[in-house]
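Below, each chain spelled out in residue letters.
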Amino acid sequence: MNIIAQPSAGPIQLDKQTANKRMTAGLGGGVALEWYDWNVYGVMAAFLSPHFFPSDDPTTSLLAGLAVYGAGFCARPLGAVLLGPVADRISHKRVMLISVTAMAVCSLLISLLPTYKDLGVTAAIALLIMRLIQGLATGAEAGVANAIAIELAPPGKEGHYLGLIGGTFIQLGNLGSSLVAFLVSASVAPEAMREWAWRIPFAVGGVLGLLIIYLRTTVPETLINRAMHRQDESSRIQETTGGVWKALWSVRLSLLAVILVIGSVQIANYAWNTGLPNMANTVFKENSTYVYGIMTLMVLIWMSTAPLIGAFADKVRPSRAFTLLRLLLIPCFFLTLLYSEKGIVTFFFVTVFGGAIVGFNMALYNFIATTLMPRAVRTTGVALGYALGVSLFGGTSPYLLVWLQREHIAWMFPVYGSLIALLSVLVYQIAKKRGRLYIGE
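Structure report, in brief. Please read these numbers as outputs of a predicted model, since none were measured by experiment.

## Some words on the environment of V180
Mapped onto the elements of the fold, V180 is located in helix α8 (residues 158–187). V180 gets classed as buried once you look at its relative accessible area, which sits at 16%. Separated by 140 residues in the primary sequence, V180 and V40 have C-alpha atoms spaced 9.0 Å apart. Filtering out sequence-adjacent residues up to four positions away, V180 remains in contact with Y36, P201 and V204.

See the structure below:
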């Protein structure tokens, strides 16, 4: 019997409204912290890179810092492979606690790390290790949060609820990193920002982690069991790790679709969240306070529109909403060509107006990825697809944007992003025609 081909059963309704709110707070808070800690490195890369990768050329230092940023993504698939089956078979709560604890501790350690001046190349290696640990820990986070969120969503409002968990809370983390960077930059002299104040946003992430760890420890495992480990026929496949991987292989087309759906939007996400602001701060020497203020505005737009985009998908069907918004991303990529020289007004236009289209896609991609996976392997499938998509495409995006700009072939970046976006739509439509959509259609 092909037990994974059955449509996902309806969402599980928790008995107590307070328990549901606690689950949402634990899930959403952890997602927000993960993205805060992950994004804050990118936001601060222009300032921390010279301390760990000194060079006479500031762009060379930045590229080295962004390479470490990308290396962290490479650890995510391994984290998904190791932790995804644990979540599907044993405990989602344990995996969530591992993830949030590792993120917080590593951010705190980065805020205290000695620099190249103190330890030489050992400092750079330590920084790399911190990012690799964070990558490992977050490898399963997206899969766990999305898999539980889709089960807790009210019937017919899955897109709206995923827009909240996988959209608004994600952007809350991004907003926090941009806002903290803005406040620190506005509060200290430029020299202090370059010398030591860049450490403050990392320390804030570590302290906030204590609160999120508490929220997740108060979520009863029984609630997660009710949502994800019901004793129905489809859950029997979770009895062995080998069974999980066998089931995932049977829906490999869905996995490929998840990789491309996530990877193509992450090219844009990290170009706008990391590549453009670092290019503004390092290459074009813009006022960093203005840059972080503009970034904060962009993230506020993303945060406020995410549930609305999810509700739009519920109304018109997820497949239609995804196809429309993903095709709109193609002309958006070409807006990056406008920012080819110093100009804060141009930076504002590209970041806010182009970034709005990016934000609409960011609000929907977690929901779309989750619809492509059957319940029995949903955590592992989404986690692995997410990790591979972000590692292959998102993690390299800021480096490519800055490097291609330096080599005077910036036009290649939007062409590359557009081709991957088109490919994601094509593979998604093939998966849909072959019956590989399990929710919302």
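Moving on from the model shown.
## Considering the pattern of salt bridges
Applying the stated criterion to the full structure yields three salt bridges. Notably, a salt bridge pairs E34 with R76, separated by 3.4 Å at the nearest N-O pair. In this pair, E34 is assigned in helix α1 (residues 17–52) and R76 in helix α3 (residues 76–89), connecting sequence segments 42 residues apart. Pair check on accessibility: E34 and R76 agree, each one buried.

## Quick notes on the nonpolar core
Residues M44, L127, W272, L364 and Y365 are the most contacted members of the largest nonpolar core, which totals 129 residues. Considering every element that reaches this core, the biggest residue donor is helix α13 (residues 252–283), with 16 residues. L127 has contacts with Y41, L48, F52, F53, V68, I110 and L113, leaving out every residue within four places of it along the chain.

## Thoughts on the packing of helix α4 (residues 92–112) against helix α10 (residues 199–217)
It is the contact of α4 with α10, at a shortest axis distance of 7 Å, that shows an interaxial angle of 160°. Relative to α10, the element α4 is oriented roughly antiparallel. Where α4 crosses over α10, the handedness of that crossing is left-handed. The segment α4 lies against α10, with K93, M96, L97, V100, T101, A104, S107, L108, I110, S111 and L112 engaging R199, F202, A203, G205, G206, G209, I212, I213, R216 and T217.

## Digging into the packing of aromatic side chains
Scanning the entire structure with this criterion turns up 15 aromatic pairs. For the pair Y41 and Y69, a centre-to-centre distance of 5.7 Å together with 5° between the ring planes defines the contact as stacked. Placement of the pair is Y41 in helix α1 and Y69 in helix α2 (residues 58–74), with a sequence separation of 28 residues. With respect to burial, Y41 and Y69 carry one shared label: buried. Both rings, one in F73 and one in Y270, keep their centres 5.0 Å apart while their planes meet at 80°; by these two values the pair is edge-to-face. Placement of F73 in helix α2 and of Y270 in helix α13 is noted, with a sequence separation of 197 residues between them. Accessibility expressed as a relative area gives 2% for Y270, which makes it buried. Among the aromatic residues, those joined into a cluster by ring pairs are W35, W38, Y41, Y69, F73 and Y270. The cationic tip of R131 hangs over the ring face of W38; the distance from NZ or CZ to the ring centre is 4.2 Å.

## So, the packing of α2 against α13
Relative orientation of the contacting elements α2 and α13 amounts to 160°, with a least axis distance of 10 Å. One way to sum up the angle between α2 and α13 is to call them roughly antiparallel. Crossing geometry of α2 relative to α13 is assigned as right-handed. Between α2 and α13, the residues in contact are P58, T59, L62, L66, Y69 and F73 and Y270, T274, N278, T282 and V283, respectively. Residues that form the contact of α2 with α13 fall into these classes: seven nonpolar, four polar and no charged.

## Focus on unusual backbone geometry
Despite not being glycine, K285 has its phi angle at roughly 55°, a positive value. Tracing the chain through its elements places K285 in the loop between α13 and α14 (288–316). By relative accessible area, which is 49% here, K285 ends up partly exposed. Phi is positive for R317, which is not a glycine, with a value near 95°. Relative to the helices and strands, R317 resides in the loop between α14 and α15 (318–334). What makes R317 partly exposed here is its relative accessible area of 33%.

Rules of the game
- Residues numbered from 1 in each chain as written.
- Predicted model: local features only at pLDDT ≥ 70, side-chain atom pairs only at ≥ 80, totals over all residues.
- Heavy atoms only, no water.
- Helix = DSSP H or I, 4+ residues; strand = E, 2+ residues; numbered from the N terminus.
- Buried < 20%, exposed > 50% of the residue type's maximum accessible area, 1.4 Å probe, protein only.
- Contact = heavy atoms within 4.5 Å.
- Salt bridge = Lys/Arg side-chain N within 4 Å of Asp/Glu carboxyl O.
- Core = buried A, V, L, I, M, F, W, Y, C linked by side-chain atoms within 4.5 Å.
- Axes fitted to C-alpha atoms, helices over the stretch in contact; angles between N-to-C directions.
- Parallel < 35°, antiparallel > 145°, perpendicular 65-115°, else oblique.
- Left-handed = near helix turned anticlockwise from the far one by under 90°.
- Phe/Tyr/Trp six-rings, centres within 6.5 Å; stacked < 30°, edge-to-face > 60°.
- Lys NZ or Arg CZ within 6 Å of the ring centre and 35° of its normal.
- Nonpolar A, V, L, I, M, F, W, Y, C, P; charged D, E, K, R; others polar.

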